[in-house]
Amino acid sequence: MSEELRSVILFDTRTQQKRPFEPQQPGKVLMYVCGVTVYDLTHIGHARVFVFFDVVQRFFRHLGYDLNFVRNHTDVDDKILKRADEKGVDPLELSARYIEELDRDMQALGVERATSEPKVSEHIDDIIEMNKALVDKGHAYEVDGDVYYRVESFEEYGKLSRRKLDDMEAGRSGRVDETKQKEHPFDFALWKKSDDDQLGWDSPWGRGRPGWHIECSVMSTKYLGPTLDIHGGGRDLIFPHHENEIAQSEAASGEAPFANYWMHVGMVNVAEKSEDGEDIVRKMSKSLGNFWTTRDVLGGYHPEAIRYFMHTTLYRKPITYAVENLEEATRRVQYLYTALKRIDETLQRAEYDSDENLPPDSRLADGFTDLVEGFMDRYEAALADDFNTPNALALIAEVARAINEATESDSAPSDALAHTLVLLRKHLVDAGSVLGLLERDPKTALDEIRDLRLKTMELDPKVIDEKVAARVQAREDKDWERADELRDELAEMGVEIMDSQQGTTWRLK
RNA sequence: GGCGGCGUAGCCAAGUGGAAAGGCAAGGGCCUGCAAAGCCUUGAUUCACCGGUUCGAAUCCGGUCGCCGCCUCCA
């Protein structure tokens, strides 16, 4: 059975090339993705990673793979301690709260749950065990209650990020902690001594807490074993985070490689004005203060529009966050849902629908055979090529255009056309579901988009409805001057009028 | 200083050795009282620049310019 599954090509960061994906066990995928350190709301850079791997999850399942997907929460970390201290709250309560906030945002974005979502705080014993193993094997050493990984003990250190210890300038980024007595500047903390009033657990090295990288090695190994099929995360985790995970995991287990494929998602950039008034584009980040929280973006744009926007660029490349891009994505999502709505309206005219009263199976309407019969294969091929979502969207657009073309007429469709439309609708919805798009019924989605716009534009729908009704009356009276005047007033408010045989509807620009 | 990436039509963006996807914007047409929506249609002899390999390069190699990311907070 497993040999029948469509094969997928992945770009692997370590080898810097696309390769056919060969899971260790045919048909089964072991995937680990680094989540976030939960000390604040997520921004859309985080959301991009979640949405992308959500598509990976959905697509593998769509193809019939048995996916075991682990995505962790780093709920013990110095940034959490610092934030908790500032706010005067318990660190684990703080992180628990932000896990809830994260879940809320990701649920709103339609990100499906991973198979397991483990937390650092629940794996302290496992972390201590791995630390002991690393110390025993000579890969780590204790200094005054801290435990450090001895990077020089791992010959292949740097193999993921293609850098050599000697080539790097320690402190280039101004982040190396030089106050500690480390053997090498790049040795990193596996365990940190905690003050009496700090969060900590007892260990062979005294009371302390885990360092940053160890949790992923521990949890991935615990849930998925020593060798992952796929390990993912944001590009900025390649060094040092993932490099250090490799060093820890391979040294501790004695097995290599730690992961067969490494997938890294590009950064979300922001277009800004520099102090000199120049247009610049740079990475969105907490420390630069140029970030948009997922919460904020969800307040202004439909979840599927946000996803659509993210799918317009290959996951590996940087993407620029800009309102124009979100607005264009919103219009595209509206376009797709409108196409579905047109199908439903057309089927109704023949007293069919896409669920119960199906048109009889018949030949396909002229000119649609290739599209109907070849679509899903082409669509899957696009995504199977390292998740080429831009190409996937192009194919979706092709179907939507065909649907609009086929539903131009206001008359009842023939059985052949109705049958074709039902199949095209199914294709569109099935294709959309892999990307987390078109998951609502058309009316709900279009209403949601409209309500969001009303809210952000601070418009009262009653005022709009009244003006629209007045214009309908003016049109019935053939008072074109008055009708156009009202339409101009509405247009000024940002309201678009659409007259059709079914009546007048409106939407927001 | 080291490592890596990017530079394709006005804008966004696929393609990475064999006839330049798709979207937005713009022009023309159909439809419409007029519009909007929708549909049809027009657009890169050319892929930052220079040189090379090849029967053939946006795609490979060398160089130049510009931009970006990472070098222990980072998704």
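Everything in this summary refers to the structure shown in the same document.

1. Details of the environment of Arg-363
Logical step 1: Mapped onto the elements, Arg-363 comes out in the loop between helix 9 (323–349) and helix 10 (369–384).
Logical step 2: Relative accessible area serves as the criterion here: at 58%, Arg-363 is assigned to the exposed category.
Logical step 3: With 208 residues separating them along the chain, Arg-363 and Glu-155 place their C-alpha atoms 65 Å apart.

2. Quick notes on helix 15 (residues 480–493)
Logical step 1: Under the 1.5 Å per step criterion, the end-to-end length of helix 15 is 20 Å for 14 residues, consistent within 8% with the ideal 20 Å.
Logical step 2: Taken residue by residue, helix 15 has Ala-483, Leu-486 and Leu-490 as its buried positions. The buried residues of helix 15 all sit within an arc of 65 degrees when viewed along its axis, so they share a single face. Residues of helix 15 that are exposed and point more than 90 degrees away from the buried face comprise Glu-481 and Glu-492.
Logical step 3: Tucked inside the fold, the buried residues of helix 15 contact helix 14 (461–476) and strand 14 (495–500).
Logical step 4: Of the residues trailing helix 15, Gly-494 is marked for its positive phi of about 95 degrees.

3. Re the packing of helix 1 (residues 44–63) against helix 10
Logical step 1: Relative orientation of the contacting elements helix 1 and helix 10 amounts to 135 degrees, with a least axis distance of 11 Å. With respect to helix 10, the element helix 1 is oriented oblique. For helix 1 against helix 10, the interelement crossing comes out left-handed. Mapping the contact onto sequence places Phe-59, His-62 and Leu-63 in helix 1 and Met-376, Glu-380, Leu-383 and Ala-384 in helix 10.

4. So, the protein's contact with RNA strand B
Logical step 1: RNA strand B sits among 64 residues. The nearest are Lys-79, Ser-173, Arg-175, Pro-185 and Trp-212.
Logical step 2: When the atoms of RNA strand B within 4 Å of the protein are sorted by group, sugar and phosphate make up 60%.
Logical step 3: By residue number, the principal contributor to the surface near RNA strand B is helix 11 (residues 389–406), which donates six residues.
Logical step 4: Class assignment for the residues of the surface near RNA strand B results in 21 nonpolar, 17 polar and 26 charged.

5. Concerning unusual backbone geometry
Logical step 1: Pro-240 follows Phe-239 through a cis peptide bond whose omega is 5 degrees.
Logical step 2: With respect to the helices and strands, Pro-240 occurs in helix 6 (residues 238–253).
Logical step 3: Residue Pro-257 is bonded to the preceding Ala-256 through a cis peptide linkage, with omega at -5 degrees.
Logical step 4: Positionally, Pro-257 belongs in the loop between helix 6 and strand 10 (259–265).
Logical step 5: At Arg-162, a residue that is not glycine, the phi angle is positive and equals roughly 55 degrees.

6. Details of the side chain of Glu-117
Logical step 1: Here Glu-117 shows up in the loop between helix 3 (91–108) and helix 4 (124–136).
Logical step 2: At a separation of 3.0 Å, a polar atom in the side chain of Glu-117 contacts the side chain of Arg-71.
Logical step 3: Polar contacts involving the side chain of Glu-117 include one to the main-chain amide nitrogen of Ala-114, which spans 3.0 Å.

7. Here's the deal with the packing of helix 14 against helix 15
For any two helices packed against each other, the geometry is given by the interaxial angle and the distance between the axes.
Logical step 1: Relative orientation of the contacting elements helix 14 and helix 15 amounts to 160 degrees, with a least axis distance of 8 Å. The orientation of helix 14 relative to helix 15 falls into the category roughly antiparallel. Crossing angle aside, the handedness with which helix 14 passes helix 15 is left-handed. Across from Val-463, Ile-464, Lys-467, Val-468, Ala-470, Arg-471, Ala-474 and Arg-475 in helix 14, the residues of helix 15 making contact are Trp-480, Arg-482, Ala-483, Leu-486, Arg-487, Glu-489, Leu-490 and Met-493.
Logical step 2: Residues of the contact of helix 14 with helix 15, tallied by class, amount to 10 nonpolar, no polar and six charged.

The rules behind these values
Residues numbered from 1 in each chain as written. Chains lettered and ligands numbered in written order. Predicted model: local features only at pLDDT ≥ 70, side-chain atom pairs only at ≥ 80, totals over all residues. Heavy atoms only, no water. Helix = DSSP H or I, 4+ residues; strand = E, 2+ residues; numbered from the N terminus. Buried < 20%, exposed > 50% of the residue type's maximum accessible area, 1.4 Å probe, protein only. Expected span 1.5 Å × (residues − 1). Arc of directions from axis to C-beta. Contact = heavy atoms within 4.5 Å. Axes fitted to C-alpha atoms, helices over the stretch in contact; angles between N-to-C directions. Parallel < 35°, antiparallel > 145°, perpendicular 65-115°, else oblique. Left-handed = near helix turned anticlockwise from the far one by under 90°. Near = heavy atom within 4 Å. Nonpolar A, V, L, I, M, F, W, Y, C, P; charged D, E, K, R; others polar. Polar contact = N/O pair within 3.5 Å; in protein donor to acceptor, adjacent residues only side chain to side chain.

Shape is all these values report; function is a separate question.
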